[in-house]
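A closer look at the structure
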Amino acid sequence: MITDREKILAIVDNDCLTPSDAIILLEGDGFFRYQEAVSLYKKGVAPKIVFSGNIVDRAYGSYPFSEVLPLMLKEGVPACDIIHEDRSLNTREQAVEVVRMAMERGWKRLVLVASPEHQYRAYLTFLREVLDTKSGLILYNAPVRHLDWFVDAGWGTRLDRLEAEILRIEKYTAMGHLAHAQEVIDYQRWKEQQLTEKA
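Residues numbered from 1 in each chain as written. Predicted model: local features only at pLDDT ≥ 70, side-chain atom pairs only at ≥ 80, totals over all residues. Heavy atoms only, no water.

Attention now moves to helix 5 (residues 116-133). When the terminal C-alpha atoms of helix 5 are compared, their 26 Å separation across 18 residues agrees well with the 26 Å that a helix rising 1.5 Å per residue should span. The element helix 5 is extensively covered by neighbouring structure, given that 15 of its 18 residues are classed as buried. (Helix = DSSP H or I, 4+ residues; strand = E, 2+ residues; numbered from the N terminus. Expected span 1.5 Å × (residues − 1). Buried < 20%, exposed > 50% of the residue type's maximum accessible area, 1.4 Å probe, protein only.)

What follows deals with the packing of helix 5 against helix 6 (residues 158-174). Taken N-terminus to C-terminus, the directions of helix 5 and helix 6 make an angle of 20 degrees; their axes are 8 Å apart at the nearest point. Overall, the two elements helix 5 and helix 6 adopt an arrangement that is roughly parallel. Between helix 5 and helix 6 lies a crossing whose hand is left-handed. For the pair helix 5 and helix 6, the contacting residues are Glu-117, His-118, Tyr-120, Arg-121 and Leu-124 in the first and Arg-158, Arg-161, Leu-162, Glu-165, Arg-168, Ile-169 and Tyr-172 in the second. Of the residues assigned to the contact of helix 5 with helix 6, the class counts are 5 nonpolar, 1 polar and 6 charged. (Axes fitted to C-alpha atoms, helices over the stretch in contact; angles between N-to-C directions. Parallel < 35°, antiparallel > 145°, perpendicular 65-115°, else oblique. Left-handed = near helix turned anticlockwise from the far one by under 90°. Contact = heavy atoms within 4.5 Å. Nonpolar A, V, L, I, M, F, W, Y, C, P; charged D, E, K, R; others polar.)

Notably, Lys-134 is not glycine yet its phi reads approximately 55 degrees, a positive angle. Examined against the element boundaries, Lys-134 turns out to sit in the loop between helix 5 and strand 5 (138-141). Even without being glycine, His-146 reaches a positive phi, approximately 60 degrees.

Let us now look at the pattern of salt bridges. Throughout the structure, instances matching the rule amount to 17 salt bridges. Residue Arg-161 pairs with Asp-29 through a salt bridge whose shortest N-O separation is 3.3 Å. Of this pair, Arg-161 sits in helix 6 while Asp-29 sits in the loop between strand 1 (22-26) and helix 2 (34-42), and the two are 132 residues apart along the sequence. Note on Asp-29: relative accessible area 3%, which makes it buried. Linking Arg-87 and Glu-97 is a salt bridge whose minimum nitrogen-to-oxygen distance equals 3.8 Å. Here Arg-87, found in the loop between strand 3 (82-85) and helix 4 (91-105), pairs with Glu-97, found in helix 4; they are 10 residues apart in sequence, far enough to count as distant. (Salt bridge = Lys/Arg side-chain N within 4 Å of Asp/Glu carboxyl O.)

Taken in spatial order, the 5 strands line up as 3-2-1-4-5 in an open sheet, and their pairing is parallel. Of all the strands in the sheet, the pair left with one neighbour each is strand 3 and strand 5. Here the average twist between neighbouring strands, direction ignored, is 25 degrees. Bridge count for strand 1 against strand 2 (residues 49-52) is 4 bridges, and the pairing is parallel. Residue pairing in the sheet places Leu-25 in a bridge with Phe-51 of strand 2. Against the sheet, helix 2 engages strand 1, strand 2 and strand 4 (109-113), with an angle of about 175 degrees to strand 1. (Pairing = 2+ DSSP bridges.)

If you want it as structure tokens, here you go:
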């Protein structure tokens, strides 16, 4: 029998993107994420990139915006299309601040960019905030592909970090900080209905 966890993994790993209002580049994993955000921007997926996070912890892979920004500019993204959400210091705070920003700006669709091992918890955290605020935001998953699972970039291999993320998912779900499996399924059904009705 398929487990709730397997259902969540399948949904997150196989999301279909549509034109959105902003690409949310979640701080972390060194310099391994920004190119995916830039690629989506260049493909016209969204007109803005939001770099979310303001913590410097190199041992954990959290590099500052001031170091990632020049790389995005060098890739051809105009400074006017890059926003720094600089209040958050963890994933839950990122969800709170980004959802608040989206509601203030009238955004309806957001694309979340994280490393594959972090994408699951990030999505569940953001979805919890979307549901709690009743914002009606549509979230898409765009985990960074083609990353090595067994190379330690200084903060552990992705496979080891995946195990740690699953433990965090269990912990934070019990604390009420993450969406539950049935909420993920119900939200995905609703999301697909929205897209069908607008097609």
